[in-house]
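Each chain, letter by letter, is given below.
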Amino acid sequence: MSKIAPVLSAHWDEADSFTLDGYKRHGGYNAAMKALAMSPDDVIALVKDSGLRGRGGAGFPTGTKWSFIPQGDNKEHYLVVNADESEPGTCKDMPLLMANPHVLIEGMIIASYAIRANYAFIYLRGEVVHVARRVQQAITDAYAAGLLGKNIGGKGYDLELVLHIGAGAYICGEETALLDSLEGFRGQPRLRPPFPAIAGLYARPTVVNNVESIASVPAIIDRGNEWFQSMGTEKSKGFTLYSLSGHVTNPGQIEAPLGVTLRELLELAGGVREGHTLKFWTPGGSSTPLFTAEHLDVPLDYEGVSAAGSMLGTKALQIFDETTCVVRAVLRWTEFYKHESCGKCTPCREGTWWLVQMMKDLEAGKGTPADLDKLIEITQNIAGKSFCALADGAASPIISSVKYFRDEYVAHLNHGGCPFDPVASTLFATAGQA
Amino acid sequence: MSPENAVATEVEMITVVIDGFEVTVPKGTLIIRAAEKLGIQIPRFCDHPLLSPAGACRQCLVDVEINGRAFPKPQASCTIPVENGMIVKTQLTSEVADKAQKGIMELLLINHPLDCPVCDKGGECPLQNQAMSNGRPESRYEGVKRTYEKPSAISSQVLLDRERCVLCARCTRFSNEIAGDPFITLNERGALQQVGIYEKDPFLSYFSGNTVQICPVGALTGASYRFRSRPFDLVSTPSACEHCASGCSMRTDVRRGKTLRRLAGEDAEVNEEWNCDKGRWAFKYITNKERVTNPMVRGADGELHEASWPEALAAASAGLKGKRAAVLTGGRSTIEDAYAYAKFARVALKTNDIDFRSRLHSDEEAAFLASIATKLNVSYRDIDSADHVVLVDFEPEDESPIVFLRIYKQVNKRGLKVSTVSPVQSRGSEKLKAELHPTLASISGLTNKSVILVGERASEVIGQFTAVTKLADQSGAKVAWIPRRAGEVGALLAGAIGNLLPGGRPLLDPAARVDIASAWGVESLPATAGKATWEILEAASDGRIDALVVGGVDPLDISSEALGQLLNPSTFVVSLEISHSAITAVADVVLPVAAVSEKSGSYLNWEGRPRTFEKAITDSLTRSDLRILSMLADEMGAPINLPSTAATARELQSIGIWDGASAPKPEVALAPIAQPSGDQAIFHSWRQLLDLGTLQGGEENLAGTARPSEVVISAHRAQTLGVVNGDLVKVSTARGTITAPARIGKISDSDIWIPRNSIGSQCIATLGAASGLVVTVVKA
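If you're wondering where the values come from, they're calculated on a predicted model, not measured in any experiment.

> How would you summarise the overall build of chain A if you had to cite specific residues and measurements?
In terms of helices and strands, chain A carries 17 helices and nine strands. The globule rule puts the C-alpha radius of gyration for 434 residues at 22 Å, and the 22 Å found for chain A is close to it. With respect to the three principal axes, the spread of C-alpha positions in chain A is 70 × 45 × 40 Å. Residue burial in chain A is summarised as follows: out of 434 residues, 57% are buried. Relative to all contacts within chain A whose residues are 6 or more apart in sequence, the contacts with residues 24 or more apart total 72%.

> Account for the packing of helix α6 (residues 101–114) of chain A against helix α7 (residues 129–144) of chain A, with residues named and values stated.
Residue and element names in this part refer to chain A. Their axes nearest at 9 Å, the elements α6 and α7 cross at an angle of 55°. By the angle between their axes, α6 is oblique relative to α7. You can see that α6 and α7 cross each other, and the crossing is right-handed. Every residue of α7 that contacts α6 at Pro 101, His 102 and Ile 105 is listed here: Arg 134, Val 135, Ala 138, Ile 139 and Ala 142.

> Any chance you could break down the interface of chain B and chain A for me, citing the residues and the numbers?
A common way to report how large an interface is uses the accessible area buried once the components associate. Counting residues at the interface gives 25 residues for chain B, matched by 22 residues for chain A. The dominant element in the side of chain B that touches chain A, judged by the number of residues it contributes, is helix α2 (residues 95–110) of chain B, at six residues. Looking at side-chain class alone, the side of chain B that touches chain A contains 14 nonpolar, seven polar and four charged residues.

> Describe the confidence of the model for chain B, and please don't skip the residues or the numbers.
All names here are of chain B. Looking at chain B, pLDDT values average 95 and 99% of them are 70 or higher. Note on residues 1–7: pLDDT is under 50 here. Beyond four places in sequence and across chains, it has 11 contacts. In the predicted complex, the global pTM is 0.95; the interface-specific ipTM is 0.94.

> Account for the packing of helix α8 (residues 335–348) of chain B against helix α21 (residues 625–635) of chain B, naming residues and giving values.
Residue and element names in this part refer to chain B. Following both chains from N to C, one finds α8 and α21 inclined at 15°, their axes separated by 8 Å at the closest point. Between α8 and α21, the angle is such that the two are roughly parallel. In this structure, the crossing between α8 and α21 has a hand that is left-handed. In this structure, α8 contributes Glu 336, Asp 337, Ala 340, Tyr 341, Phe 344, Val 347 and Ala 348 to the contact, and α21 contributes Asp 625, Leu 626, Leu 629, Ser 630 and Ala 633. Looking at side-chain class alone, the contact of α8 with α21 contains eight nonpolar, one polar and three charged residues.

> Can you tell me about the sheet that holds strand β14 (residues 258–264) of chain B, naming the residues and giving the values?
Residues and elements named next belong to chain B. The sheet built from three strands is open, its strands ordered β12-β13-β14 with antiparallel pairing. With partners counted over all chains shown, the strands left at the sheet margins are β12 (235–240) and β14, one partner each. Taken pair by pair, the neighbouring strands of this sheet meet at an average axis angle of 30°, ignoring direction.

The rules behind the values
- Residues numbered from 1 in each chain as written.
- Chains lettered and ligands numbered in written order.
- Predicted model: local features only at pLDDT ≥ 70, side-chain atom pairs only at ≥ 80, totals over all residues.
- Helix = DSSP H or I, 4+ residues; strand = E, 2+ residues; numbered from the N terminus.
- Rg over C-alpha atoms; globule rule 2.2 N^0.38 Å.
- Buried ≥ 20, exposed ≤ 12 C-beta atoms within 10 Å, placed from the backbone.
- Contact = placed C-beta atoms within 7 Å.
- Axes fitted to C-alpha atoms, helices over the stretch in contact; angles between N-to-C directions.
- Parallel < 35°, antiparallel > 145°, perpendicular 65-115°, else oblique.
- Left-handed = near helix turned anticlockwise from the far one by under 90°.
- Nonpolar A, V, L, I, M, F, W, Y, C, P; charged D, E, K, R; others polar.
- pLDDT = per-residue confidence, 0-100.
- Pairing = 2+ DSSP bridges.

Structure, rendered in structure tokens:
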């Protein structure tokens, strides 16, 4: 198995990769035309058979999600692409949209056609103005080229595509909160059922997919399932974008078959920061339980990561070397979750607020080892009790860090504060001097 | 939907096991409700049976498995409907659920102040109670609690202490889903999330008090009750609302002889668990300084002097005996009191000149009322199942708010079609998505599942009642008459009107007269039909009537001339009143009567449903009208024998409803509509729920949420006048001028609308009429 599998990122190094011409040069929009010649049900079946699973974190089979949309119900259907990428460490959708926005648009044409939607939306994180401009330009170009709007490619299918700029709330990456926000309300998760497939945007059947999931579809249509299934593992088929960040020599996105290991990815990325060793890492962003050096050979697919006690999530591999204080890192994440809690449910709203206070005390060396037990107890009272998964994400780094690094927490208490030099972990610290 | 709302049709039943006990409930029942059926109380805050599930507080977590498949995490029992094969373990049998609930409770309390000893809710607080039953004994929280400036005024009558709020969203869901007034919402995020308003759209909801009542903590308080009492010092009495014909069940809380608050009572058939702000907060009139406390007799000096009861009764008797007397009763009497007036008029005064309609009225209306009196067959349930509701000269949000909520519920739930025959699209009819019809002529497609709700203002449109009757006869639609006042339906059935005897008996039917004469033990009853209010007043002013018994009437409700007509010095006036008024000012004898909380009795609501209540203020010395009329009749030597409410109710019951032929239906042709030109317009009005009504006196916090006066004009007229929204316009008749800000609304170019009795807009007093008149409209 090849260690890399550049599909979405195959042409990112070309100067005009983001333009319609650049995209078309490599067969862009052929897949859309091919799909529009098929029956919608055949498209759904093909994507279902491919084994493509959601790349946004949960890994739900994409074709199955599409097949939940009731057909022949005489209702408007909608496709909504979740581009509200905001998980700490996750940086795959934004580079993809910068370098190759047309692959998303093509994927959306195919997906909308399959679910019989004539309106599609991209919900884009508000802060990334440069990405918004680029995507908007791509949409404009696609309209001008007859790839969006009425009678696409002369195939008799209509699709209106709208780019919506969010206001930068992490919770709006949760699909139902995203829909509320898209409708103009304050983004807070909705009670399910009804699921979006039955009553989503404006209470109409709606598919919400991650950018990368939809962007993966044109290649599947174009090259077929056999090709797609030649990559990946038994239940995790295909290629995906892994984002490496933190204490790594060459941070960035590496597109590889599912099931690659961190050891292999680190080799490709030039290894951990020079002169340092791996201490801990996240397999899928800050919401997934931490891994340590002992997990270097865990296959990074949905099942492999799960079996090792974490989640594949968004494949955001944040690398931390031995200069990093795990308590400090976890505190920062906890502050993030507190700030991003929408406030709807008690455990998340009050819990993250309390967790920050406890984590701050521990980082400052205040308290006794009994407070560590209290921290875990309270965290467990939050995990799995909240309305959506945000609070579970807040609990993951705390529980996993105490599991692997309890001694380090205790050292803070014994030391009366953080025993680490915070400067040593910064990237501006001279390598090897820590 | 909750089981209590389940319709009588066949519903699939589901059997589940909760804590080892089987329970069978209708499909769709939530776990938390099914547990209630077994007497298992799962703690909760955001859950409310009449609101959509939120799942926000997470207090009701339980362990659930379905057909052997267990949920990996505890589930919110307020959001999950039961399923066959479901096994639920609550905190009573599951350690996981118990720990989850205790964990949530601890989190809820970390930022909740420990101010229970000074909190209004302390003693009746779901948080306090459930913290004791389902919480940890001690908090492990050691930090500083979140605080906010307090209180923050959501409106003049609803105050918010944000630090007490558990953010359950009951108040916001109520306002949005039930009242249709989404003026409060949750703002900010995370730990700073809070209930708030948008400054430019204040919380002007007629139903805001319900948010205070359903708040599970002390976060929302009513301005007039705040810090006034502890719940355990109050004596609660189930009561009925005296403010309109909706017929809300209420609870009156009294401490040492004084009403401190009133709450909505529970009646699934009528008001469910809601009421309006007027019903909740307008009760200060009972304790106002103008209360009449002792009988008074006008002396030779022309002034009223306090007198003993025997003196006052003797004076009243002397003034009434042998006179051509008539009776005017306001529409606010209980049915028992109205019956006493009706009997007093016929037996003691030997006249049929009695009318409960102290408002605009017509002979056509009297005929219509006589024709429907024995056939009150429409109920709230008919609204629930209606295919089309037609409102005729009736604004439910202003004139019968619970009827509004009931219609709104169906509009929300199943898109019930509503049409309104009205000159203007009101905010209420907008919320009901009602189609606007200038007349009944354009209403079509009614079936026997349709309901026509006609208001008292139909009497202001000549021929309207006839048209309603005809439309109903043609289509099979049901008709209900919904007057504004709580006592009018009862007064109609009690015979407090010139063309009917008690039980809806047509006066002109000799058999009906014989019926009643024998029930009353009198030889005969006066046989000529009685005069209507306007005729009585005219007769009083020109001397054809020389004595009046008046109870609860404000002459300015009737016409601008009414007070002048009463001022005839040769008319002897006996006034039965709770407070000094325009009538007591001209009365020869004033007899104090009990206010509603000081007596027992019943109202008939618009459905004809009895709303019986007991005395809430038990140590009050005031007497109800019927007792006083009974004493007066004794004094006059023509006893009516109604010593108590219970005895009166029994007598009324034994008389029963007339089963003979009903009175003929009205036959009046629609009057042609005037065609104004230029700066002229036909003006229309109705009373808004919160206005200058007598019974709202003394409650400034309530008055603060009244809708401001406005002149509603069409876009065309606005353009002609050169005004935009908010510009002042003048509405004038020969008698006077009302000046108020313009609002461009959906109204015919020839019409305008102003509130009938609001601050700055008192139509009868200022313009000399209540509606229909041609007025001049100019820019101010």
